[in-house]
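Per-entry structural report
So the chains spell out like this:
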Amino acid sequence: MDSNGSAGESNAPENLLGTSPGASSLRSRTESESSDKMARFVLPSMDGSPPKVLTLHEVGDVLKNIQNMELVHEIAINPEFKFEPYEPPENSLERRIKDIMHKAFWDVLRSQLNENPPCYDHAIQLLTEIKDCFPQIISQNNSRALQRINEILDIDVIKRQAEEGVLDFKAYANFVIQVMAKSCAPARDELVRQLTEIEDVVDLFKNILETMALMKLDMVNYLLDYARNDIMANSVEYEKEKFKEYLEYYKFGFPATENWLKNSCTHDANNVPSSPEQTISNAYMELMDWDESKEFPEVLSIDKERILKLGQRAKRICTCAGVISICSGVPIISQRSENRVALAKQIEIILQGTANEKELLDSIENVWLQVKTVINEYLQKESQPVMDANTEEMLKSQIMQVGKKDSPVRTLMWKRFQTYFRLALRSRAGLPPPPPGYADFKDELEAYCTALKRVIAYNHSVFGEYFMKLLTQQRFTNNEVGTSESASAASVQEQSAAAGGKTNAVATDGKVEGQ
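Keep in mind the model is a prediction, meaning the values are calculated, not measured.

1. Thoughts on the packing of aromatic side chains
A complete count under the given rule lists 18 aromatic pairs for this structure. With 6.1 Å between their ring centres and 25° between their planes, F243 and F254 make a pair best called stacked. Taken together, the residues F243 in helix α10 (residues 201-249) and F254 in the loop between α10 and α11 (255-262) connect sequence positions 11 residues apart. Of the two residues examined, F243 and F254, each falls in the buried class.

2. Looking at the confidence of the model for the protein
Of the residues in the protein, 79% reach a pLDDT of 70 or more, and the chain-wide mean stands at 81. Note that residues 44-49 has pLDDT below 50 and, in this model, 17 contacts with residues that lie over four places away or in other chains. Predicted confidence is poor over residues 501-515, with pLDDT under 50, and the contacts of this stretch with residues over four places away or in other chains come to zero contacts.

3. Remarks on the environment of P432
The topology assignment puts P432 in the loop between α18 (408-426) and α19 (442-514). The exposure class assigned to P432 is buried, which follows from its relative accessible area of 17%. Placed 12 residues apart in sequence, P432 and Y420 show a C-alpha to C-alpha distance of 7.2 Å. Setting aside its immediate chain neighbours within four residues, P432 contacts Y420, L423 and A424.

4. Structural notes on the side chain of S235
Looking at the element boundaries, S235 is found in helix α10. Ignoring anything within four residues of it in the chain, the contact list for S235 reads V72, A76 and Y458.

5. Digging into helix α8 (residues 169-183)
For α8, with 15 residues, the first-to-last C-alpha span of 21 Å sits near the 21 Å given by 1.5 Å per residue. Those residues of α8 lying buried are F169, Y172, A173, F175, V176, I177, V179 and M180.

6. A few points about the side chain of D303
Turning to its location among the elements, D303 is positioned in the loop between α12 (276-286) and α13 (304-327). With a relative accessible area of 0%, D303 lands in the buried category. Residues within four places of D303 in sequence aside, it is in contact with H73, I77, V455 and N459.

7. Description of the nonpolar core
Across soluble globular proteins, you tend to see nonpolar side chains buried next to one another. Core analysis: the largest hydrophobic core is formed by 71 residues, its most contacted members being V371, I399 and F417. It is α19 that provides the largest number of residues to this core, a total of 14 residues. Setting aside residues no more than four positions away along its own chain, F417 makes contact with M288, A314, I317, C318, Y438, L445, Y448 and C449.

8. Description of α18
Helix length check: α18, at 19 residues, gives a terminal C-alpha distance of 28 Å against a target of 27 Å (1.5 Å per residue), a fit within 8%. If you check which residues of α18 are buried, you get R410, M413, W414, F417, Y420, F421 and A424. Relative to the axis of α18, the buried residues are bounded by an arc of 125° and lie together on one face. Pointing more than 90 degrees away from the buried face of α18 are the exposed residues P408, K415 and R426.

9. Some details on the packing of helix α5 (residues 121-137) against α8
α8 packs onto α5 with a crossing angle of 15° between their chain directions and a minimal axis gap of 12 Å. By the criterion of interaxial angle, the relationship of α5 to α8 is roughly parallel. Relative to α8, α5 is oriented so that their crossing is left-handed. Across from A123, L126, L127, I130 and F134 in α5, the residues of α8 making contact are F169, Y172, V176, V179 and M180.

10. Looking at the packing of α12 against α18
Contact geometry for α12 and α18: axes closest at 11 Å, N-to-C directions at 130°. Viewed along their axes, α12 and α18 adopt a mutual orientation that is oblique. For the pair α12 and α18, the crossing hand works out as right-handed. In this structure, α12 contributes Q278, S281, N282, Y284 and M285 to the contact, and α18 contributes Q418, F421, R422, L425 and R426. Considering only residue class, the contact of α12 with α18 consists of four nonpolar, four polar and two charged.

Definitions and limits used
Residues numbered from 1 in each chain as written. Predicted model: local features only at pLDDT ≥ 70, side-chain atom pairs only at ≥ 80, totals over all residues. Heavy atoms only, no water. Phe/Tyr/Trp six-rings, centres within 6.5 Å; stacked < 30°, edge-to-face > 60°. Helix = DSSP H or I, 4+ residues; strand = E, 2+ residues; numbered from the N terminus. Buried < 20%, exposed > 50% of the residue type's maximum accessible area, 1.4 Å probe, protein only. pLDDT = per-residue confidence, 0-100. Contact = heavy atoms within 4.5 Å. Expected span 1.5 Å × (residues − 1). Core = buried A, V, L, I, M, F, W, Y, C linked by side-chain atoms within 4.5 Å. Arc of directions from axis to C-beta. Axes fitted to C-alpha atoms, helices over the stretch in contact; angles between N-to-C directions. Parallel < 35°, antiparallel > 145°, perpendicular 65-115°, else oblique. Left-handed = near helix turned anticlockwise from the far one by under 90°. Nonpolar A, V, L, I, M, F, W, Y, C, P; charged D, E, K, R; others polar.

Following this line, the structure appears as structure tokens:
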């Protein structure tokens, strides 16, 4: 990405399906706590690569020009996407350098102000940077406020006051706080109010700059929200255009994508292959539980981490539904809906942090212990005897089996889940009702389906034509090969028949002559 936040012409193909390079070139350092004259914000990583750092100016350019495909894609796919303030990693060299520089600045400022007479070199630098920060947290439409700030924070006037020994540093701090109080988001009101209670002038300015950094973050996310609808309205066409440019540059195809689509083609009893539309639908269904031993489709690489996380989320929901289905065999659970709902929530919490099949299997023991405890508590509450050893052992065995992906209950619940999602994928009038066993997880089920459906629908809008072209070409090639093979077989049969007729004639003639 260039200095204006737009993707360079020469790098467009390379940046299309991966993380744009150049993050390090966006980093800058200054001497003071104001972090820099242009605030930096983190663009969270979307494919496992290091996060990128953008300035507020570059963020504005990206939102205005829609020049970063990966950023646009994330905004369109993720309605909760927000920018985050940039902080160097803990114990990193950059973090140590930053901390040393900031401490040195504030120590020098305090030392200069304590001199007799005071030295205001660092103070003037600080006020200059604060003045430069205001256009980043106040709308450019508010010209009167910006003009007032420029008049009060007139650096030439401040320098003359410093030379004459009449500079009231605290008075300028109070003015800055007043402007911040009128400009900040409601969520920052209390933070700004607390600034008025700080007596030490150095600590006051340090906290002012920290608060202004948060206000910059509020402004950049406000710009994002303001531009979100426009971005979403244009993002699909933008990505399609960039993908076409990439295809013109890259002529080697996408083997993982082609194999993904090819392997999703099914055949009916008469060996007739599924239509391209059905094949694509089958391919999308495979994303529910992607086999990580396979190479992931290249064109979906931006969403790979998201899709894999959604797959694990689906497994958690399926496991929870399987456990509740087994527990429903106990009357105190099946006949008391409030007991079943409460138990379902507890099971969901226990499995919430699992990130893979191994962790899921390891957590099933904790699920069983919770189920056992809760059921016995419910029984005792109604003055019924707790579960006997045989019942406990049978229930434990069934629940422990659900942790295994190929267990009968888990397999059944997964098929129901797949059927539900296939219906949801086809539906344009909202989501269908939850399948049997999933009623207690309706919110989580619908949230999952909405998230994956959004990813699939968006990518289909961008790459659907390419998928159809691949499958149509493949089908035409297969038909051509089949026709050629049929013609060759027919030709062989004709030649065999002709040769057989000639042989018979010779044999007949020989017989006549022999007679």
